[in-house]
Amino acid sequence: NHHNHHQLTIFDKIINKEIPAQIVYEDDKCLAFKDVSPQAPVHILLIPKVKDGLTQLQKAEERHKDILGHLMLKVADIAHQNNLKEGYRVVINDGKLGCQSVYHLHLHILGGTQMGWPPG
Ligand code: 5GP
């Protein structure tokens, strides 16, 4: 809902190091950390440090192009650093029917096993 736009989420606490996370990559624009409830042997979340209204992918606007590009370009580096060179899955859950639970854009990087398709 529209109130989510300005709300902080648990990811802000991770960005601000107010709660611990297993960080696997960090730069000035983004943070990657292990999902607390992994759905694959490797399950990493990649998020922008500044949300700027990007609660979910369908809120993306022209001003978000740089951060969206940055996130997409970092996926392979992070995957390779986590032994996913033979392949992996990148997922963005968008909205209620997409099973999104945290309204701060995040990419799931999943792997370490043969992934199935379709996802169900
Ligand atoms: P979504 O369902 O919104 O696409 O994904 C949110 C993800 O965040 C879930 O996979 C969930 O396990 C993960 N998550 C929720 N809270 C925390 C937390 O406090 N720490 C970490 N590392 N992951 C979290």
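Summary of the structure given here. (Residues numbered from 1 in each chain as written. Predicted model: local features only at pLDDT ≥ 70, side-chain atom pairs only at ≥ 80, totals over all residues.)

1. Considering unusual backbone geometry
Thought 1: Cis rather than trans, the peptide bond between W117 and P118 has omega equal to 5 degrees.
Thought 2: Tracing the chain through its elements places P118 in the segment after β5 (107-111).
Thought 3: A positive phi angle is found at D52, which is not glycine, with a value near 45 degrees.
Thought 4: On the secondary structure map, D52 appears in the loop between β3 (42-48) and α2 (65-81).
Thought 5: The backbone of C99 shows a phi angle near 65 degrees, a positive value even though the residue is not glycine.
Thought 6: Within the secondary structure, C99 is located in the loop between β4 (89-91) and β5.
Thought 7: Judged by C-beta crowding, with 9 C-beta atoms within 10 Å, C99 ranks as exposed. (Helix = DSSP H or I, 4+ residues; strand = E, 2+ residues; numbered from the N terminus. Buried ≥ 20, exposed ≤ 12 C-beta atoms within 10 Å, placed from the backbone.)

2. What to know about the pairing of strand β1 (residues 23-26)
Every regular strand shows the same layout, with side chains that alternate between the two sheet faces.
Thought 1: Here β1 pairs with strand β2 (residues 30-34) via three bridges, running antiparallel. Counted as the bridge partner of I23 is F33 from β2.
Thought 2: Where β1 folds back on β2, the antiparallel hairpin that results is connected by three residues. (Pairing = 2+ DSSP bridges.)

3. A word on the sheet that holds β4
Thought 1: One open sheet accounts for five strands, arranged β1-β2-β3-β5-β4; its pairing is antiparallel. A strand with exactly one partner marks an edge of an open sheet, and here the two such strands are β1 and β4. The sheet shows a mean angle of 20 degrees between the axes of neighbouring strands, taken without regard to direction.
Thought 2: Of the strands in this sheet, β1, β2, β3, β4 and β5 touch α2, which is tilted by about 155 degrees from β3. (Axes fitted to C-alpha atoms, helices over the stretch in contact; angles between N-to-C directions. Contact = placed C-beta atoms within 7 Å.)

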